Structures are given as structure tokens and as C-alpha cells.
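Read off the chains here:
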Amino acid sequence: MTIQKLKHTESGNFFLIAGPCVIEGEEMAMDIAEKMVKITDKLSIPYLFKGSFKKANRSRIDSFTGIGDEKALKILEKVGKTFDIPVVTDIHSESDAQMAAQYVDVLQIPAFLCRQTDLLVAAAKTGKVVNIKKGQFVSPQAMRFAAQKVIDSGNTNVMLTERGTSFGYQDLIVDYRSIPEMKKFGHPVVLDATHSLQRPNQDSGVTAGQPELIETIALAGIAAGTDGIFMETHQNPAAAKSDGSNMLRLDLMENLLTKAVKIRQAVISC
């Protein structure tokens with residue numbers, strides 16, 4: 001799978017990576033995928049479904065991590081086959097890469113792990129597309145080295161994702177200069193419009209967020225020339241088992257994407 005082979009690429013639109021933070025069950029995943037496919041088909045947006053099969057980087061040991069690796073991966077596989085769409089999931093170890101590659105199309109490297117050479121090499125060697133999230137502590141210029149690790153391991157299918165930069169201990173900011181800077185490397189660049197609004201390291205041990213600003217971040221990213229947008233979404237974020245505080249409510253997705261398409265059309269017509 002490459003971005004060029006996605007459905008609707010002839011539209012000239014940005015591509016969209018969207019889905020729940022973590023797979024909580026088959027019914028919720030299939031429902032989100034069905035609704036997202038309808039929206040993206042209507043707006044001619046190339047679409048990839050995202051769902052983590054497990055969450056390894058939790059603040060607290062009692063945080064929800066998943067429903068079981070194989071069970072969640074089989075749900076991701078079913079989503080992909082049912083709706084004929086590529087599927088994305090996070091990996092956290094070399095063994096995750098081999099396991100997840102049997103079920104999904106894109107392996108995503110979490111921001112905290114973007115410098116982990118063994119993980120990048122393992123992901124590369126699966127032959128899957130590798131989406132590397134820029135660490136909150138890494139400059140956009142330095143991400144070319146992360147991408148090069150994948151390329152030097154024999155895989156040129158790389159994407160880079162901007163997801164905010166640490167600002168003090170409990171906030172993130174998006175530097176939109178990262179988008180054109182990382183595009184210089186020749187890989188598709190994605191803006192994560194939900195994780196970039198996280199407020200990590202809260203006293204409660206549960207990450208907070210600012211979901212009311214997701215639209216602002218996403219639309220600004222389109223104006224800045226991003227190739228793709230990443231957003232986590234859920235039918236009821238307040239009841240989500242992970243990262244609910246910075247997910248977009250599913251019923252708000254179509255309105256936001258409609259605006260984004262208009263901005264994209266304006267950008268490419270200039």
C-alpha cells in the first residue's frame with residue numbers, strides 16, 4: 001500500500017487518518033469505520049482507518065490498555081476487508097511490528113519512540129508503510145534521520161506526522177513551520193490535530209486536552225500545506241476508554257471535513 005494507491009487520490013484532497021484511540025470492541029470500530037467511509041466518499045477524501053490494538057504508553061498502571069492483542073488486530077483486519085480501506089495501528093516493540101504487520105497496512109511509530117532504531121528497522125523490514133510521529137522533543141529537521149533509518153532498512157514507504165512540541169511540562173504547541181520543513185525530505189507529511197492538543201502530565205495521571213480547538217488546528221494545517229490530517233474520533237468521547245479528552249465527537253466530523261476540503265481547494269487553486 002502506498003498513499004498514491006488510496007481511493008479518491010485523483011480529487012487532489014488531503015488524505016485522512018481517523019478512528020478511535022484504541023479498539024474497544026468490534027461494534028464501535030465497525031460503526032466508526034462505516035460512518036467515516038460514508039463521509040469521506042461523499043467528500044472524495046482518501047481515507048485510512050486508525051485504531052490502536054493496544055496502548056503501551058499509559059501514565060498509570062490501572063489505565064485501559066486494550067481488549068487483547070490478537071482480538072483487536074482481527075477487528076482491525078475485519079474493518080479493512082469489510083470497507084476495502086487501509087488500516088493503521090501503533091506498535092511499541094519489534095515483536096509488535098511482526099505481529100501487527102499480518103493484519104494492517106500501516107505501522108505507526110508513537111512520538112515517544114521515534115528515535116528507537118530497532119523499532120524503526122523492524123517496522124521497515126515488514127514492508128508496510130511506516131508512519132513516524134515526530135517526538136514532542138524533536139525538531140522537524142531531525143526527523144529526516146528517523147525516516148532515513150527506515151529507508152536504509154530497505155523500505156521507502158515513509159510518512160512523517162507533526163503532533164505538537166512540548167511547551168513546559170503540561171502543554172503542547174504546534175509549530176506549522178514543521179510542515180514545509182518536513183516536506184523537504186520527500187515524504188508525505190501529516191498533521192495530528194488531536195494529540196497536538198493534549199495536556200500531558202496532569203496531577204491526576206490522566207492526560208487532558210482541548211477538543212474545542214481540533215477544528216482550528218486541522219484547518220490551519222490544511223492551509224499550511226499538510227498532505228494528510230490525523231484525528232482520533234469516537235461516538236462518545238466522554239465514555240471512551242483512552243484519550244477521550246482530546247478526541248473529536250464523530251457527529252462533528254463531516255462539518256469539519258467539509259470546511260477542510262474548501263480550504264484545500266483554495267490552497268491548490270492559488
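Not measured: the values here are computed from a predicted model.

About the thresholds
- Residues numbered from 1 in each chain as written.
- Predicted model: local features only at pLDDT ≥ 70, side-chain atom pairs only at ≥ 80, totals over all residues.
- Heavy atoms only, no water.
- Helix = DSSP H or I, 4+ residues; strand = E, 2+ residues; numbered from the N terminus.
- Polar contact = N/O pair within 3.5 Å; in protein donor to acceptor, adjacent residues only side chain to side chain.
- Contact = heavy atoms within 4.5 Å.
- Buried < 20%, exposed > 50% of the residue type's maximum accessible area, 1.4 Å probe, protein only.
- Pairing = 2+ DSSP bridges.
- Right-handed = clockwise from strand over helix to strand, strands pointing away.
- Salt bridge = Lys/Arg side-chain N within 4 Å of Asp/Glu carboxyl O.

A.B. asks: Would you explain the side chain of Lys 50 in this entry?
C.D. replies: Looking at where Lys 50 falls in the secondary structure, it is placed in strand 2 (residues 47-50). From its side chain, Lys 50 meets the backbone oxygen of Cys 21 in a polar contact 2.7 Å long. A polar side-chain atom of Lys 50 sits 2.6 Å from a polar atom in the side chain of Glu 232. Once you skip the residues sitting within four places of it in the chain, Lys 50 turns out to touch Ile 17, Ala 18, Gly 19, Pro 20, Cys 21, Val 88, Asp 90, Gln 108, Phe 230 and Glu 232.

A.B. asks: When you look at the pairing of strand 12 (residues 228-234) in this model, what are you seeing that I'm missing?
C.D. replies: With seven of seven residues buried, strand 12 is to be regarded as a mostly interior element. Of the two faces of strand 12, the one lined by Gly 228, Phe 230, Glu 232 and His 234 and the one lined by Ile 229, Met 231 and Thr 233 are each fully buried. Strand direction decides the pairing type here: strand 1 (residues 15-19) and strand 12, joined by five bridges, are parallel. Within strand 12, the residue paired with Phe 15 across the bridge is Gly 228. Where strand 9 (residues 189-192) meets strand 12, three bridges bridge the pair, whose relative direction is parallel. If you follow Asp 192 over to strand 12, its bridge partner there is Phe 230. Where strand 12 and strand 13 (residues 248-249) come together, two bridges link them in parallel fashion. Across the sheet, residue His 234 finds its bridge partner in strand 13, namely Arg 249.

A.B. asks: Whenever I open this one, helix 4 (residues 117-125) confuses me. Can you help?
C.D. replies: Owing to its 3.6 residues per turn, the α-helix brings residues three or four apart onto one side. Here helix 4 has its buried residues at Leu 119, Leu 120, Ala 122, Ala 123 and Ala 124. On its buried face, helix 4 sits against helix 3 (94-100), strand 4 (106-109), strand 5 (129-133) and helix 5 (143-152). Positive phi shows up at Gly 127, right after helix 4, with a value of about 85°.

A.B. asks: Where do I start with the pairing of strand 6 (residues 158-162) in this structure?
C.D. replies: Regular strands have side chains that alternate between both faces of the sheet. Counting buried positions along strand 6 gives five out of five residues, so the element sits mostly inside the fold. Residues of strand 6 alternate between two faces, with Val 158, Leu 160 and Glu 162 on one and Met 159 and Thr 161 on the opposite face, all of them buried. The pairing of strand 5 with strand 6 spans four bridges and is parallel. Across the sheet, the residue bridging to Asn 131 is Met 159, located in strand 6. Read as a crossover between parallel neighbours, the route from strand 5 over helix 5 to strand 6 is right-handed.

A.B. asks: Help me understand the pattern of salt bridges in this model?
C.D. replies: Close approach of charged atoms allows side chains of opposite charge to pair. Taken as a whole and judged by the stated rule, the model has 19 salt bridges. The shortest N-O distance in the salt bridge between Lys 74 and Glu 70 comes to 3.3 Å. One end of the pair, Lys 74, and the other, Glu 70, are both in helix 2 (residues 69-83), four residues apart, so they sit about a helical turn from each other. The partner of Glu 162 in a salt bridge is Lys 134, with the nearest N and O atoms 3.5 Å apart. With Glu 162 in strand 6 and Lys 134 in the loop between strand 5 and helix 5, the pair connects residues that are 28 residues apart, well separated along the chain. Of the two residues, Glu 162 and Lys 134, neither departs from the other in class, the shared state being buried. Within the structure, one salt-bridge network assembled from shared partners comprises Lys 50, Lys 55, Asp 90 and Glu 232.

A.B. asks: It is not clear to me how helix 7 (residues 214-223) should be interpreted in this structure. Could you clarify?
C.D. replies: Among the residues making up helix 7, those that are buried are Ile 214, Ile 217, Ala 218, Leu 219, Gly 221 and Ile 222. Structurally, helix 7 contributes buried residues whose contacts are with helix 6 (178-183), strand 9, strand 12, strand 13 and helix 8 (253-269). With its phi angle positive at about 100°, Gly 225 sits one or two positions after the end of helix 7.

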